[in-house]
Amino acid sequence: QVQLVESGGGLVQAGGSLRLSCAASGTSFRLNAMGWYRQAPEKQRGLVASVTSGGSTNYAGSVKGRFTISRDNAKNTVYLQMNSLKPEDTAVYYCATAPTLSDLVKPRYWGQGTQVTVSS
């Protein structure tokens, strides 16, 4: 079955950086779109960044210019490099996979999430 395992979360001061990783198995990783989402307490989960099978990327306005999504098809892994972190970036971050970019609106497969906490 499809498994997604996130890692790399933690506590960081405002202005700092973190890199999240999501290792995928049980899926044709290189053919799928991948997305990073986040959910803060009492807020809905939202898409932060996405990358298509062809490498095209998209970002939420709140993270554009600070976050970078990338993928390594040889390692079946997608990354989220987060720079210039702000306290409002504090959330649980999830990765998800879907056949196409449009399917990332409601992906079927999710990771377990990794906590990112940014202190002021």
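This one's a predicted model, so the numbers in the text were calculated from it and none came from an experiment.

1. Here's the deal with the nonpolar core
Here is step 1 of the chain: In this structure, Trp36, Phe67, Val78, Leu80, Met82 and Tyr93 are the most contacted members of the largest nonpolar core, which totals 26 residues.
Here is step 2 of the chain: Put simply, the parts of the chain that give this core at least two residues each are β3 (18-25), β4 (33-39), β5 (46-51), β7 (67-72), β8 (77-82), β9 (91-98) and β11 (114-119).
Here is step 3 of the chain: For this core, the element with the highest residue contribution is β3, accounting for four residues.
Here is step 4 of the chain: By size, the runner-up hydrophobic cluster in this structure holds five residues, among which are Ala33, Tyr37, Ala96 and Ala98.

2. Regarding the side chain of threonine 52
Here is step 1 of the chain: By the secondary structure assignment, threonine 52 is in the loop between β5 and β6 (57-59).
Here is step 2 of the chain: In this structure threonine 52 touches Asn32, Ala33, Arg71 and Leu101, once residues within four positions along its chain are discounted.

3. Some words on the sheet that holds strand β1 (residues 3-7)
Here is step 1 of the chain: One open sheet holds the four strands; their spatial order is β1-β3-β8-β7, and the pairing between them is antiparallel. In this open sheet, the two edge strands, each paired with only one partner strand, are β1 and β7. Going across the sheet, the axis of each strand differs from the next one's by a mean of 15°, ignoring polarity.
Here is step 2 of the chain: Relative to β8, β3 runs antiparallel, the two being bridged by six bridges. Along β8, the bridge assignment pairs arginine 19 with glutamine 81.

4. Examining the packing of aromatic side chains
Here is step 1 of the chain: Under the counting rule described, the total for this entry stands at two aromatic pairs.
Here is step 2 of the chain: Between the aromatic rings of tyrosine 94 and tryptophan 110, the centroid separation amounts to 6.3 Å while the plane-to-plane angle is 85°, which identifies the pairing as edge-to-face. Here tyrosine 94 is found in strand β9, whereas its partner tryptophan 110 is found in strand β10 (residues 109-110), with 16 residues between them in sequence.
Here is step 3 of the chain: Of the aromatic side chains, those joined through ring pairs into one cluster are Tyr37, Tyr94 and Trp110.
Here is step 4 of the chain: Sitting over the ring of tyrosine 94, arginine 45 keeps its end group 3.6 Å from the ring centre.
Here is step 5 of the chain: Across the ring face of phenylalanine 29, the terminal group of arginine 71 is positioned such that the distance to the ring centre comes to 4.6 Å.

5. Looking at unusual backbone geometry
If a residue is not glycine, its phi is most likely negative; likewise, a peptide bond is most likely trans.
Here is step 1 of the chain: Of note, the phi angle at asparagine 76 is positive, near 50°, even though the residue is not glycine.
Here is step 2 of the chain: Tracing the chain through its elements places asparagine 76 in the loop between β7 and β8.
Here is step 3 of the chain: Taking the relative accessible area as the measure of exposure, asparagine 76 reaches 27% and is therefore partly exposed.
Here is step 4 of the chain: The phi dihedral of serine 84 is positive, around 50°, even though this residue is not glycine.
Here is step 5 of the chain: Structurally, serine 84 can be placed in the loop between β8 and β9.
Here is step 6 of the chain: Since its relative accessible area comes to 41%, serine 84 is described here as partly exposed.

Parameters and conventions
- Residues numbered from 1 in each chain as written.
- Predicted model: local features only at pLDDT ≥ 70, side-chain atom pairs only at ≥ 80, totals over all residues.
- Heavy atoms only, no water.
- Core = buried A, V, L, I, M, F, W, Y, C linked by side-chain atoms within 4.5 Å.
- Buried < 20%, exposed > 50% of the residue type's maximum accessible area, 1.4 Å probe, protein only.
- Helix = DSSP H or I, 4+ residues; strand = E, 2+ residues; numbered from the N terminus.
- Contact = heavy atoms within 4.5 Å.
- Pairing = 2+ DSSP bridges.
- Axes fitted to C-alpha atoms, helices over the stretch in contact; angles between N-to-C directions.
- Phe/Tyr/Trp six-rings, centres within 6.5 Å; stacked < 30°, edge-to-face > 60°.
- Lys NZ or Arg CZ within 6 Å of the ring centre and 35° of its normal.

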